[in-house]
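Letter by letter, the chains look like this.
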Amino acid sequence: MHSSHWTPQTSQTVTVSCDAAHSEGVKWAVSAAGSAFLMLCVLGIMVSGDSIVAEADLSFWGWRTARKSGLTWLGANRAFKSFSAAPLSSSVPQSTVQSYLEGVSTGLEQLRSAVQEVQSVCQDMGAARWALLDCADRFQDLQQMRALMAEHVQLASVVQVLPQLFSVHEVFSHTLQLLREQHLLEAHAELMMMEHLRDDILSQLHLRGLSNAQATVLSYFSCLQELNESLAKQLWGIVSSSLQLVREDPVLFVTAIRIIEREEKIDDTLLLDATFLPPGRPKGWRQKFYNVLQETITAAHFNAIRMDAEGPGLARHLAALQRDIVSELRVVKDLMVQCVPAHYNILSVCTATYHRALSGHLQDILREDLDKQALFLLLEWVLRMYPSPEVMGHPDLLPEVDVSSLGPLISPELVDQTERKYVEKVKASVLEWMQRTLEVEFKEWFREEEPEMDHQGFFQSALPVIVVQMLSENIQVASLITDSLQQKVYNMALEELEAFLGRLREVLVQCGKEHQKDRTVPKHYVPYLLAMLNNNLALSSSIPSLHPNASCREVPASLLAALDKIQKKACQLLLEELLLDLQPLYVQLPSRKWLSGSQLVNSMCEVIDKYTKEFSHVRKPAFTVLLMESELLVASQYLRALMQKKMVCKSKEERGQLCDRLLQDATQLRELFCSLGLDRSQQSLEAVFALRELICLKDPGLLSLEVLGFITKYPDVSDEHISTLLDLRGDISKDVRHVVLEMMAQNPQPLPEGYRPIFSTILVPAPELPFCLRKAKCA
């Protein structure tokens, strides 16, 4: 080994190797010496010449070894001393000991030789180290050479791209020509080549921190911006005509998609390298493709000139949307999908675009002031037509197009708001029609003819049919949309019907007032009132059929109350008419002329019979009510006439004559109403028979008991009524009157449930005050 064989580049390595070799030699020597020492200790051999040398060498190596393992050396030394003091065993053969000693001697010689060689190597390595230090100045010269070499490499690279740089403008002109001729793939290849050249230069400048030079490069390559814009313009023009192109000639569309895919891959590659991003990147042409496609669809169908939002205009517009959406989605599904990469999900994108654009378009329409027909068309189209097989559920679009995944076309809140607007429009229409029907109804009252009759001979008019049919049709139409809309329309219909009945009653009242002023107008007043009762019954029976749920057809209590008010008002007007004809006859009783004959009650029966024949044109429930109310009217008016204090019986014979007259009148009237179908238990004329018993009683002393039975049967009778009846007898003393009235005061009678009052409606005339002279006390 000599220093002249080591080059400067490996000086460091050589020095380290020398040190390592020296260390390894020392370790080997120590290990060998330790082994020899242990062997001598075991044998216990002590030889004079060689032993001294061996001991000296072993002491040296033992000291070196003790530096690493003091405890081991200490234990071995003690063992050696104890063993050396022991006598040599006579059992060990001399030849064996001699053989071991020769081996140890050879090992020691080898150790000495190894140490010398290691020391020689260390000297050579030191010389090499100094030689390398002397060459340090020469390394600076090599560093400059390296920089010149790098500059040479750069200049060589620039020289290589100079032809491309000088041809940029020529390539630009050629690329423009390719774009004009619609050779888009070739034009895009040229564009990518120039962009790659520019981006490489800019990247190198960026890495070397030469930002100032980037502006010059960008200015030189400014033509790329124009090429990009021109290419993009053509691409987006192709995309905007994509639906037509894929049907006629898809080559141009496929070319545009390939260019967009190239740019998308370039964008992805550059985005992965975060050190430098060229200007204009990422282009994002795939997203731009989606945006242009969406804008094209929206502009073609949903940004048109404002159409007629009422009448057939809206219907035609919705029909056109339905036709175009299905047709174009079929083109996308069958043709465009084949021209576009699968990961574009072009069918889903187009479907979502139509859905969003249509949603916004319909919301714009709903902001207009639409009539009920337009609102109905929109609700029907949105909730029924759009998800049906006629549009998004079309068989040609399934199963790829899933309308349920798109969400509602308009929000539930907007649907509810639109339904309420529709109900308001229907309400206004119903109100108008009902008002017109009411006007026509009462206009017919003043005709010269009676109202029409049905096949059973009952008076009627078209009012209930018109009203119920109008409400029913609106409810049925609403059921074509949603159950919620049907319920809203049903609730509105009941509210409007109740309001209509209130207006009908008001008109009845006004008509009654007009008739009282002139009973000849209307000419057929009673028949039209009877027709009104039949109409009320027809309405009452038809209302349950309006309910959407056939199993739940309860009529609201407020509506039943309104119907009841109509019936009561019509009955009241009829009874008032009956009373007007009976009143002249009641004025004549009681009188002595009345006592002498039955002509007066015969006239009453004739009037009653005439009216009940008119009442027969009313259906059974209303006819029964009219008959009962007429009988109550006749009885109460008969009793009222008796209590007017027009006559006092002057003798017993006259009281008997009065009793006979009361019996004959009451019997004749009772039989009349029985013949008309009113049972005796339902008649109030029984009060006349009971009153007759009070007058016919011969013993005034028993009058208290008789009156007690009377007030028990008729608890609404008052002491004024009894006092007036006692006056009619003409033979009751003040004491008896006092006893009877006292008995009544002590026995007040509560009104039983279901009792029909008769006396509470009869007013007794106030007693006349005695005549008084001025400035004198009354008697």
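Remember, predicted model here, so these are calculated numbers, not experimental data.

Chemist: How should I be thinking about the environment of Ile608 in this particular structure?
Modeler: Relative to the assigned elements, Ile608 resides in helix 22 (residues 599-615). Among the residues examined, Ile608 registers a relative accessible area of 1% and is labelled buried. Spatially, the C-alpha atoms of Ile608 and Leu627 are 9.9 Å apart, while their sequence positions differ by 19 residues. Sequence-distant contacts of Ile608, that is, excluding residues within four places in its chain, are made with Leu582, Val634, Leu669, Leu672 and Phe673.

Chemist: Is there a simple way to explain helix 11 (residues 251-272) in this structure?
Modeler: For helix 11, which comprises 22 residues, the first-to-last C-alpha distance of 32 Å matches the rise-based estimate of 32 Å (1.5 Å per residue) to within 8%. Listing the buried residues of helix 11 in full gives Phe253, Thr255, Ala256, Ile257, Ile259, Ile260, Glu261, Glu263, Glu264, Asp267 and Leu270. The inward-facing, buried residues of helix 11 contact helix 7 (184-207), helix 9 (223-240), helix 10 (242-248), helix 12 (285-301) and helix 13 (312-339).

Chemist: When you look at empty space enclosed by the protein in this model, what are you seeing that I'm missing?
Modeler: Empty pockets left among the atoms are what a rolling probe the size of a water molecule brings to light. Here the structure, examined in full by the defined rule, presents one cavity of 30 Å³ or more. Approximately 50 Å³ is the volume attributed to the largest cavity. Lining the largest cavity we find Gly512, His515, Gln516, Tyr525, Leu573, Glu576, Glu577 and Leu580. Per-element accounting of the lining of the largest cavity gives the leading share, four residues, to helix 20 (residues 557-586). By residue class, the composition of the lining of the largest cavity is three nonpolar, three polar and two charged.

Chemist: Sorry if this is basic, but what is going on with the state of the cysteines here?
Modeler: Each disulfide is one covalent bond, formed between the sulfur atoms of two cysteines. By the definition in use, this model includes one disulfide. Across the disulfide, Cys659 is cross-linked to Cys696 (sulfur-sulfur distance 2.0 Å). Of the two residues, Cys659 sits in helix 24 (residues 652-675) while Cys696 sits in helix 25 (residues 686-696), which places them 37 residues apart along the sequence. Cys659 gets classed as buried once you look at its relative accessible area, which sits at 4%.

Chemist: How do you make sense of the pattern of salt bridges when you look at a structure like this?
Modeler: A side chain with one charge may pair with a side chain of the opposite charge, provided their charged atoms come close. One pass over the full model with this rule turns up 32 salt bridges. A salt bridge links Arg281 to Glu195; the nearest nitrogen and oxygen atoms lie 3.1 Å apart. Placement of Arg281 in the loop between helix 11 and helix 12 and of Glu195 in helix 7 is noted, with a sequence separation of 86 residues between them. The burial state of Arg281 is the same as that of Glu195; both residues are buried. The salt bridge involving Lys427 is made with Glu496; its shortest N-O contact spans 4.0 Å. Within this pair, whereas Lys427 is found in helix 16 (residues 412-444), its partner Glu496 is found in helix 18 (residues 483-517), the two being separated by 69 residues in sequence. In the salt-bridge network here, residues are joined through shared partners; they are Glu195, Glu263, Asp267, Arg281 and Lys283.

The rules we used
- Residues numbered from 1 in each chain as written.
- Predicted model: local features only at pLDDT ≥ 70, side-chain atom pairs only at ≥ 80, totals over all residues.
- Heavy atoms only, no water.
- Helix = DSSP H or I, 4+ residues; strand = E, 2+ residues; numbered from the N terminus.
- Buried < 20%, exposed > 50% of the residue type's maximum accessible area, 1.4 Å probe, protein only.
- Contact = heavy atoms within 4.5 Å.
- Expected span 1.5 Å × (residues − 1).
- 1 Å grid on protein atoms, 1.4 Å probe; cavity = no way out; pocket = protein on both sides within 12 Å on 5 of 7 lines; lining within 4 Å.
- Points joined across faces, edges and corners; volume = space filled by probe spheres on them.
- Nonpolar A, V, L, I, M, F, W, Y, C, P; charged D, E, K, R; others polar.
- Disulfide = S-S within 2.5 Å.
- Salt bridge = Lys/Arg side-chain N within 4 Å of Asp/Glu carboxyl O.

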